[in-house]
Amino acid sequence: MEARAVFLNGPEDLHLDTLALKAPGAGDLVVDIAHSGISTGTEKLFWSGRMPPFPGMGYPLVPGYEAAGEVVEAAPGTGFKPGDHVFVPGADCFNGAFGLFGGASARLVTKADRVTRIDPALGAEGALLALAATARHAMAGLDKAVPDLIVGHGVLGRLLARLTIAAGAPAPTVWETQADRRTGATGYQVIAPEDDTRRDYGAIYDASGNSTILNDLVGRIRKGGEIVLAGFYPDALSFAFPPAFMKEARFRVAAEWAREDLTATAALVNSGALSLEGLITHRASALQAPDAYRTAFEDSGCLKMILDWEDAA
């Protein structure tokens, strides 16, 4: 079995290729992918060659961990059947390429316990489930405060704000340095950092990935406040100790979603409590993958690029 897939041979060396797939076995599903998303965080770092050492990384690889499609084969006992619509957080199913992510492909072979059922009516928005689950993972659980300041109004920042409001908490303030990204807020305010005079935030969630911002954030929290690192940072993080000491600042690293986050987030979306509308700004055929990836990474107006796989299968 073969599939058309995005093939990243090295930094900025990306094209669409035909790759052999590993044969499905017990507990596996075969999924035809309709849509996959391009991550402007970790995928951009692989594409640019700036990704720090990471378990399982290497070139060549198939990128992508945001894929939605339809089950076409299901092993007995999986609980799935052909026709089910699922979200797939990538797959390690390729011969001749690393599958650290492995979602940008017209067809995937994956363990059934990795996928999440989604409403087919979501269409391309179904590929956003991982980002929404990442936002949920940063916020959910014991001893975690919802954000009252979010740094960055990209897709992750918007989802953090939407989840805060969905939780019934007060609307957060959101910082955004790019004027063209301050639009699209519903129920919360987006401002430039320099226009904010507040210095008593209890929980600041940084979704910017800016490794130089910590000193500014320390100056914005109240004593005992928390700074949550919700982005991904290719450079070493540092901060001046005396101000953090005076504030008794707390720092927390938010990792990627866990399995239960995907399930809980899908339930929020299916119930209407969390909307994924308005987050996809660009779509392209997977046949145009090289241009689509460059646009996703270099065009500041691109919040989320989705690849459509129908023509590339």
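A short tour of the structure in this document, coming up. Here, residues in each chain are numbered from 1, in the same order as that chain's written sequence. Reporting of local features is limited, given that this is a predicted model, to residues whose pLDDT is at least 70; pairs of side-chain atoms are given and counted only at 80 or more, and all residues count toward the totals for whole chains, interfaces and linings. The side-chain figures draw on all heavy atoms in the structure; neither hydrogens nor water molecules are used.

1. Details of helix α6 (residues 259–271)
Put simply, DSSP marks the helices as runs of H or I at least four residues long and the strands as runs of E at least two long, and each gets a number from the N terminus on. Expected span of a helix: the number of residues minus one, times 1.5 Å. The end-to-end C-alpha separation of α6 is 19 Å, in line with the 18 Å expected for 13 residues at 1.5 Å each. Each residue is placed in one exposure class: buried if its accessible area under a 1.4 Å probe, protein chains only, is under 20% of its type's maximum, exposed if it is over 50%, and partly exposed if it falls in between. Three or more residues of α6 are buried, namely Asp261, Leu262, Thr265, Ala266 and Val269. Viewed end-on, α6 has its buried residues packed into an arc of 130°, placing them on one side of the element. Exposed residues on α6 whose side chains face more than 90 degrees from its buried face are Glu260 and Ser271. We call two residues contacting when some pair of their heavy atoms lies within 4.5 Å. Each element contacted by the buried residues of α6 is listed here: β5 (85–88), β8 (116–117) and α2 (129–139). Two residues or fewer after α6 comes glycine 272, characterised by a positive phi angle close to 90°. By construction, the arc corresponds to the directions joining the helix axis to the C-beta atoms.

2. Some points on the sheet that holds strand β13 (residues 221–229)
Within the open sheet, the 6 strands sit side by side as β11-β10-β9-β12-β13-β14. Their pairing is parallel. Here the strands that pair on one side only, and so sit at the sheet edges, are β11 (189–191) and β14 (250–253). Pairwise comparison of adjacent strand axes, ignoring direction, gives a mean angle of 20° for this sheet. Note: two strands are recorded as paired if DSSP finds a minimum of 2 bridges between them. Direction of pairing for strand β9 (residues 149–151) relative to strand β12 (residues 201–206): parallel, over a ladder of 3 bridges. Bridge pairing in β12 places isoleucine 150 opposite tyrosine 205. In this analysis, axes come from line fits to C-alpha atoms, helices being fitted only over the stretch in contact, and the angle between any two N-to-C directions falls in the range 0 to 180 degrees.

3. Some details on helix α3 (residues 155–166)
The terminal C-alpha atoms of α3, which comprises 12 residues, lie 16 Å apart, in line with the 16 Å expected from a rise of 1.5 Å per residue. Of all the 12 residues making up α3, 10 are buried; the element is thus mostly covered by neighbouring parts of the structure. Those residues of α3 that sit buried are Val155, Leu156, Gly157, Arg158, Leu159, Leu160, Ala161, Arg162, Leu163 and Thr164. Elements that come into contact with the buried residues of α3 comprise α2, β9, β10 (173–175), β12 and α6. One or two positions beyond α3, positive phi appears at glycine 168, with a value near 85°.

4. Some remarks on the nonpolar core
A general tendency of soluble globular proteins is for nonpolar side chains to be buried together. Here, the term nonpolar core denotes a set of buried Ala, Val, Leu, Ile, Met, Phe, Trp, Tyr and Cys residues that are joined through side-chain atoms within 4.5 Å. In terms of nonpolar packing, the biggest core is built from 86 residues, with Val6, Phe94, Leu160, Tyr293 and Trp309 touching the most fellow members. The dominant element in this core, judged by the number of residues it contributes, is α2, at 8 residues. Ignoring anything within four residues of it in the chain, the contact list for tyrosine 293 reads Val6, Leu14, Ile38, Glu43, Pro63, Ala104 and Leu307. Counting 16 residues, the second-largest nonpolar core is a separate cluster that includes Ile204, Val218, Ile221 and Ala244.

5. Some details on the packing of α2 against α6
Axis angle and axis distance: for two packed helices, these are the angle between their axes and the distance between the axes, and together they describe the pair. Orientation of α2 relative to α6, taken along the N-to-C sense of each, is 110°, at an axis distance of 8 Å. As far as their axial angle goes, α6 and α2 are roughly perpendicular. Between α2 and α6, the contacting residues are Leu129, Ala130, Ala132, Ala133, Arg136 and His137 on the first element and Glu260, Asp261, Leu262, Ala264, Thr265 and Ala266 on the second. Only Asp, Glu, Lys and Arg are considered charged, only Ala, Val, Leu, Ile, Met, Phe, Trp, Tyr, Cys and Pro nonpolar, and every remaining residue, Gly among them, polar. Across the contact of α2 with α6, the residue classes break down as 7 nonpolar, 2 polar and 3 charged. With respect to orientation, any angle under 35 degrees is reported as roughly parallel, any angle over 145 as roughly antiparallel, any angle of 65 to 115 as roughly perpendicular, and every other angle as oblique.

6. Digging into a nonpolar patch on the surface
What goes into a patch is any residue over 30% in relative accessible area without a salt bridge, connected to like charges within 9 Å or, for nonpolar side chains (Val, Leu, Ile, Met, Phe, Trp, Tyr), within 5 Å. Note that accessible areas follow from Shrake-Rupley with a 1.4 Å probe, and for residues the cover is restricted to the protein chains shown. Each salt bridge in this description consists of a side-chain nitrogen of Lys or Arg and a carboxyl oxygen of Asp or Glu lying within 4 Å of one another. Taken together, Phe239, Phe241, Phe245, Met246 and Phe251 make up a surface patch of nonpolar side chains, about 540 Å² in accessible area. In this structure, phenylalanine 245 sits in helix α5 (residues 241–247). A relative accessible area of 52% means that phenylalanine 245 is categorised as exposed.

7. Things to note about the sheet that holds strand β1 (residues 2–10)
What the 3 strands build is an open sheet, ordered β1-β2-β6; its pairing is antiparallel. The sheet is open, and its two edges are formed by β1 and β6 (94–95), each paired on a single side. Where helix α7 (residues 289–298) meets the sheet, its contacts fall on β1 and β2 (13–21), and the angle it forms with β2 comes to roughly 125°.

8. Here we look at the pattern of salt bridges
Two side chains carrying opposite charge are able to pair once their charged atoms lie near each other. Counted under the stated rule, the structure contains 17 salt bridges. Between lysine 223 and glutamate 248 there is a salt bridge, and its shortest N-O distance comes to 3.7 Å. Of this pair, lysine 223 sits in strand β13 while glutamate 248 is found in the loop between α5 and β14, placing the two residues 25 residues apart along the sequence. Across the pair, exposure class does not vary: lysine 223 and glutamate 248 are exposed alike.

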